[in-house]
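Observations on chain architecture
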Amino acid sequence: MNSNSATYRPILALPDNLISQIAAGEVVERPSAVVKEILENALDAGASNIVIRLEEGGVKRIAITDNGRGIPPDQLTLAVARHATSKIASLDELEHVATLGFRGEALASIASVSLLTLTTRTADAPHAWQIENGKVSPASGAQGTTVDVQDLYYNTPARRKFLKSEQTEFGHCAEIVRRIALARPDVSFSLSHNGKAVDHWNVSAIDKRSAQILGEAFSNARLSLDESAGPLRIHGFVGLPTASKARADAQFFYVNGRFVRDKLLTHAVRAAYQDVLHGDRYPSYVLGLDLDPALVDVNVHPSKIEVRFRDSRSVHQFVFHAVSRALAHTSATSFGTVPGPMSAGSGIATPSGTGNAWVSGEQTTFSAQFANPSPYAGGGGGNNGSGYGNAYQNPYRPQPNGNVTQSMESYGAFFRPNANGTGVNETGANYAGANFAPANQVANSLPDDDYPLGFALAQLHGVYVLAQNSKGLVLVDMHAAHERILYEQLKNALDENSMPVQPMLIPVTFFADAIEVGTVEEHQDTLKALGFDMAAISPTTLAVRAVPALLKNADAQSLARDVLREVREFGGSRVLIDRRNELLGTLACHTAVRANRSLTVPEMNALLRQMEQTERSDQCNHGRPTWVQLGLNDLDKMFLRGQ
């Protein structure tokens, strides 16, 4: 095209109607944007009950009625004028704005692309007033305001062509209502489409409102959060990794009550989940951040969905650490049950603490048992030939260094001698002669507050540990649980720069290419920080002389190759910072007890005790549950007992 052929035009001021329609292109993107603007005005007016009626996805009609303060009749003309508002009057008020709306252009923009009728009544008015096509007239109606928007984009058919199907547009409108309803549980909302009721939420607490909107799956797998630091406060609910989704459609973040999609906040929450949620899964959460309005700029986006913080780094760190601390408490002692494929039983009370005296004597740990497999008769101290040692004296006790020990006498509480005085045999493998106590009797005889996961009964197919607690049956994925325990131990050791090292009695040698040899020579400091001592003994051979003590039972060659691959690909400094969790997760997976590995009862109980003392032990490193609870009521339902 020849640019010289363009017709020259003088600079002219645009007419008001065209200005409004241009502004409507930013504010009124689709019907859902109209719903958002009107709902925000209703909330700013102090409404406690809002009714939303839509037709044909909001394109044909959007009618929203509230019971707020209403608008005086002498201000109706200004209400639909551009840049007229009652919410701010100066730059200082703009910088401290606390209302959802403040620009004063929403109603004017909507009126420019639709047939708008506004009916309102204040508390002291004898009747309602209505404005339509710029004319104010008396009308009937209760206190509050009704905004009726019909035939959206009737005068801009080109814009109407870009709208999606009726159901798609309605879906966007319904999502806006859900977002705002989550932020204001103190307000009741009703939503209907084409004359049919879709949703209704009465005034309720935030826990009930979030359960109604996000569903039972989220309500059964969420952790409450409420922390403050200086001018910042974060509150709401974060979903357990088991409540993660394939899409980011259950993430609701509010800043001073305003729904936002801010990259800074999203990154902070995502980073907090990095220890428990890997892959392409998205966490679920409903969080609110409250702070001084002067510390956040909400006037940086046409639809006000993005914000800018004055001190973004402090906000990021505050959100990250608050969510991390909440997720770190997902252990058996702090969260009663983990949602699983089957209905979970009721939660187990949080223990009051582990203030019992430390005990010494003949004890065993899961790590020691796993490191040196042995028959049950010789599988640890306290075995005096009877299979379970002396009478029940001391339960399992944690040690200050985090290793959970257990007295062998504790296992005897699960098995009662029969009338003939016989019990289990010395190997502990045949319980045919044992006379087990009833479930409630056994459960009541144990200090359940200290042992939420109960005590092991058996192993299923070399994969699952079956345990009994006061609530019923506990199923544990032993590989996933042990993997989490090792991962947390490795992470803590690396954080404290105290990675214990296990020298190899005979160094493990293996063939290596030139790149692997070069990686060892170049990144000795990184390898030592991770607990590895490797050296090149020839141009094509590497020797592993020491490995982390926590991983001493794993294949040294496989561990070495995995570490070298990470260091070679990402560099030493990045492996210790950005890629640390991924690497430690891989190393823990190598060492965790494998499927089909037969565990003794002491080993299984030691695993349960360590789970109870480990942060985030409800999930493995990939976000899958490590254990589920089947309550007695769940079992009764399976067998139709009492029906």
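What you see is a predicted model; the values in this text were computed from it and never measured.

We now examine the sheet that holds strand 20 (residues 464-469). The 4 strands are arranged 19-20-21-25 in an open sheet whose pairing can be described as antiparallel. Of all strands in the sheet, those bounded by a partner on one side alone are strand 19 (455-460) and strand 25 (627-631). Shown here is a sheet whose adjacent strand axes are inclined to one another by a mean of 25°, direction ignored. Note: strand 21 (residues 472-477) against strand 25, 5 bridges, orientation antiparallel. Looking at strand 25, one finds that Val-476 is bridged to Trp-627. Running over the sheet, helix 14 (residues 478-495) touches strand 19, strand 20 and strand 21 and is turned about 65° from strand 21. Across the face of the sheet, helix 20 (residues 601-612) comes into contact with strand 19, strand 20, strand 21 and strand 25 while running at roughly 115° to strand 19.

Take a negative patch on the surface next. The grouping of Asp-92, Glu-93, Glu-95 and Asp-297 at the surface amounts to a negative patch. No other element matches the 3 residues that helix 4 (residues 91-95) contributes to the negative patch. Exposure remark for Asp-92: the relative accessible area of 48% places this residue in the partly exposed category.

Take the environment of Asp-275 next. With respect to the helices and strands, Asp-275 occurs in the loop between helix 10 (263-272) and strand 13 (285-290). It is 8.9 Å that separates the C-alpha atoms of Asp-275 and Ser-324, two residues lying 49 residues apart in sequence. Those residues in contact with Asp-275, other than ones at most four positions away along the chain, are Arg-484, Tyr-487, Lys-491, Asn-581, Arg-616 and Asn-621.

Averaged over all residues, the pLDDT of the chain is 78; the fraction at 70 or higher stands at 77%. Of the regions scoring below 50 in pLDDT, residues 333-365 engages in 88 contacts with residues more than four places distant in sequence or in other chains. Within the model, pLDDT remains below 50 along residues 367-444, and this stretch shows 160 contacts once partners closer than five positions in the same chain are excluded.

One pass over the structure, following the stated rule, counts 23 salt bridges. Ionic pairing is found between Asp-290 and Arg-233, a salt bridge with its closest N-O pair at 3.6 Å. Remark: Arg-233 occurs in strand 10 (residues 232-239) and Asp-290 occurs in strand 13; sequence separation between them is 57 residues. Given the relative accessible area of 31%, Arg-233 is considered partly exposed. Linking Asp-533 and Arg-545 is a salt bridge whose minimum nitrogen-to-oxygen distance equals 3.3 Å. Of this pair, Asp-533 sits in strand 23 (residues 533-538) while Arg-545 is found in strand 24 (residues 541-548), placing the two residues 12 residues apart along the sequence. For Asp-533, a relative accessible area of 24% translates into the label partly exposed. Assessed through its relative accessible area of 40%, Arg-545 is described here as partly exposed. Connected through shared salt-bridge partners, Arg-484, Glu-488, Lys-491, Glu-615 and Arg-616 make up one network.

Turning our eyes to something else, we now look at the pairing of strand 1 (residues 49-55). Along strand 1, the buried face is formed by Ile-50, Ile-52 and Leu-54; none of Asn-49, Val-51, Arg-53 and Glu-55, which line the opposite face, is buried. Pairing geometry for strand 1 and strand 7 (residues 188-193), over 6 bridges, is parallel. Bridge pairing in strand 7 places Leu-54 opposite His-193. Two elements, strand 1 and strand 2 (residues 61-66), share 6 bridges in a ladder whose sense is antiparallel. Its bridge partner being in strand 2, Arg-53 is matched across the sheet by Ala-63.

Counting residues in hydrophobic clusters, the biggest one holds 49 residues, and the most contacted among them are Val-35, Ile-50, Ile-52, Val-149 and Phe-189. Top contributing element to this core by residue count: helix 7 (residues 166-183), with 8 residues. Non-local contacts of Ile-52, meaning those with residues more than four positions away in its chain, are made with Leu-39, Ala-63, Ile-64, Val-177, Phe-189, Ser-190, Leu-191 and Ser-192. Counting residues in each nonpolar core, the second largest holds 36 residues, with Tyr-273, Leu-287, Phe-318 and Val-319 among its members.

The next point concerns the sheet that holds strand 10. Judged by pairing direction, the sheet is mixed, and its 5 strands sit side by side in the order 9-10-13-11-12 without closing on themselves. Lying at the two open borders of the sheet, with one neighbouring strand each, are strand 9 (222-229) and strand 12 (258-260). Recorded for the sheet is a direction-independent mean angle of 20° between the axes of neighbouring strands. Contacts from helix 10 reach strand 11 (251-255), strand 12 and strand 13, with the element oriented near 125° to strand 13.

In this structure, Asn-194 is a non-glycine residue whose phi angle is positive, near 55°. Checked against the element boundaries, Asn-194 lands in the loop between strand 7 and strand 8 (196-201). For Asn-194, a relative accessible area of 39% gives the class partly exposed. Within the chain, Asn-256 stands out as a residue other than glycine whose phi angle is a positive 55°. Positionally, Asn-256 belongs in the loop between strand 11 and strand 12.

Right, let's talk about the side chain of Glu-483 for a bit. By secondary structure assignment, the location of Glu-483 is in helix 14. No salt bridge is formed by the buried Glu-483; the nearest opposite charge belongs to Arg-624, separated by 5.4 Å.

Another aspect to go through is the packing of aromatic side chains. For the structure on display, the rule yields 4 aromatic pairs. Relative to Tyr-285, the ring of Phe-253 has its centre 6.4 Å away and its plane inclined at 75°; by these criteria the two rings are edge-to-face. Of this pair, Phe-253 sits in strand 11 while Tyr-285 sits in strand 13; the two residues are 32 residues apart in sequence, bridging distant segments of the chain. Residue Phe-253 shares its accessibility class with Tyr-285, and that shared class is buried. The ring of Phe-237 is capped by Arg-222, whose NZ or CZ atom sits 4.4 Å from the centre of that ring. Cation over ring: Arg-270 sits above Tyr-282, and NZ or CZ is 5.7 Å from the ring centre.

Calculation notes
- Residues numbered from 1 in each chain as written.
- Predicted model: local features only at pLDDT ≥ 70, side-chain atom pairs only at ≥ 80, totals over all residues.
- Heavy atoms only, no water.
- Pairing = 2+ DSSP bridges.
- Helix = DSSP H or I, 4+ residues; strand = E, 2+ residues; numbered from the N terminus.
- Axes fitted to C-alpha atoms, helices over the stretch in contact; angles between N-to-C directions.
- Contact = heavy atoms within 4.5 Å.
- Patch = residues over 30% accessible without salt bridge, like charges linked within 9 Å, V, L, I, M, F, W, Y side chains within 5 Å.
- Areas by Shrake-Rupley, 256 points an atom, 1.4 Å probe, with all protein chains shown as cover.
- Salt bridge = Lys/Arg side-chain N within 4 Å of Asp/Glu carboxyl O.
- Lys, Arg positive; Asp, Glu negative; His and termini not counted.
- Charge placed at Lys NZ, Arg CZ, Asp CG, Glu CD.
- Buried < 20%, exposed > 50% of the residue type's maximum accessible area, 1.4 Å probe, protein only.
- pLDDT = per-residue confidence, 0-100.
- Core = buried A, V, L, I, M, F, W, Y, C linked by side-chain atoms within 4.5 Å.
- Phe/Tyr/Trp six-rings, centres within 6.5 Å; stacked < 30°, edge-to-face > 60°.
- Lys NZ or Arg CZ within 6 Å of the ring centre and 35° of its normal.

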